[in-house]
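Given next are the chains, with one letter for each unit.
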Amino acid sequence: MQKIEARGPYLNFFVDRKQLTRQLLREIQEEKNNYGASTEGEGKTVVIDFSAPNIAKPFGIGHLRSTVIGNALYRIYRFQGYRVAGINHLGDWGTQFGKLIVAYKKWGEEEALEKDPIGYLYQLYVAFHQKAKTEPGLEDEARSWFKALEDGDEEALSLWRRFKDLSLEEFKRIYDYLGIHFDSYQGESFYNDRLGQTISFLQEKGLVKESQGALIVDLEAHGLPPCLLRKKDGATLYITRDLAAAI
């Protein structure tokens, strides 16, 4: 410390910069790659959910931002002695896969899929929405195929697995290029067999109501729209899977 001064209500500390620099450089030289590490997180766990792109859609700038920030936090916490779990909660389930299945069965070409999986699947997804404007029956077909997927229909599952595997292959190429590692790639689909338990848990708490054949959590008292847990056709939603993941 160079000097200390009282100025009105403030107490000012003046650092000897040369001395501080010498001390800092000495510590860096002695500790080398361990400089800045600590054991403050010992015995504690931090879970970081980051990246989480949607299967069959391009990896966008928003995903890149989450990926690099999440990875930085992962490394910082680990350096401070925490046990860190890095989770890539993939968007690999939902009505969009019913739409993709319909689009691929109607207009899909195997060669184009092999050549550019994510780009081609995204083109099919866009084409579906364009055609659905004049062919409203496509939306019903998509809902039907997603319900089949949730019910374990083998054809639906086979196509979904194909779309997922091809997408993951591309995502992992990007992660490898960035030098980023995940401890888990368990996306939304992983929680499918836990959705019944999740809804039952909420029912036991007295939170679930039936509305027009669907199951909801009424949030009107909080000035919010209802939370739809299960549609009248039995299909679940993102929020249902998100609750299961949180639990």
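Quick summary incoming for the structure in this document. (Residues numbered from 1 in each chain as written. Predicted model: local features only at pLDDT ≥ 70, side-chain atom pairs only at ≥ 80, totals over all residues. Heavy atoms only, no water.)

1. A look at the overall build of the chain
Part 1 of the argument: Each helix and strand in the chain was counted, giving nine helices and seven strands.
Part 2 of the argument: In summary, the chain has a C-alpha radius of gyration of 25 Å against a globular reference of 18 Å for 247 residues, an excess of more than 25%.
Part 3 of the argument: Referenced to the eigenvectors of the C-alpha coordinate spread, the extents of the chain come out at roughly 80 × 50 × 35 Å.
Part 4 of the argument: Relative to its 247 residues, the chain shows a buried fraction of 34%.
Part 5 of the argument: Counting contacts in the chain only where the partners sit at least 6 residues apart, residues at least 24 apart contribute 64% of the total.
Part 6 of the argument: Summing over all exposed atoms, the chain offers an accessible surface of approximately 15600 Å²; the carbon and sulfur share of this is 51%.
Part 7 of the argument: If the 33 positive side-chain charges of the chain are averaged to one point and the 36 negative ones to another, these points end up 7 Å apart. (Helix = DSSP H or I, 4+ residues; strand = E, 2+ residues; numbered from the N terminus. Rg over C-alpha atoms; globule rule 2.2 N^0.38 Å. Buried < 20%, exposed > 50% of the residue type's maximum accessible area, 1.4 Å probe, protein only. Contact = heavy atoms within 4.5 Å. Areas by Shrake-Rupley, 256 points an atom, 1.4 Å probe, with all protein chains shown as cover. Lys, Arg positive; Asp, Glu negative; His and termini not counted. Charge placed at Lys NZ, Arg CZ, Asp CG, Glu CD.)

2. Some details on the sheet that holds strand E6 (residues 214–217)
Part 1 of the argument: Ordered by their spatial adjacency, three strands build an open sheet running E5-E6-E7, and the pairing between neighbours is antiparallel. If you trace the sheet from one side to the other, it starts and ends with strand E5 (208–211) and strand E7 (227–230), each paired once. Taking each pair of neighbouring strands and ignoring which way they run, the sheet shows an average axis angle of 40°. (Pairing = 2+ DSSP bridges. Axes fitted to C-alpha atoms, helices over the stretch in contact; angles between N-to-C directions.)

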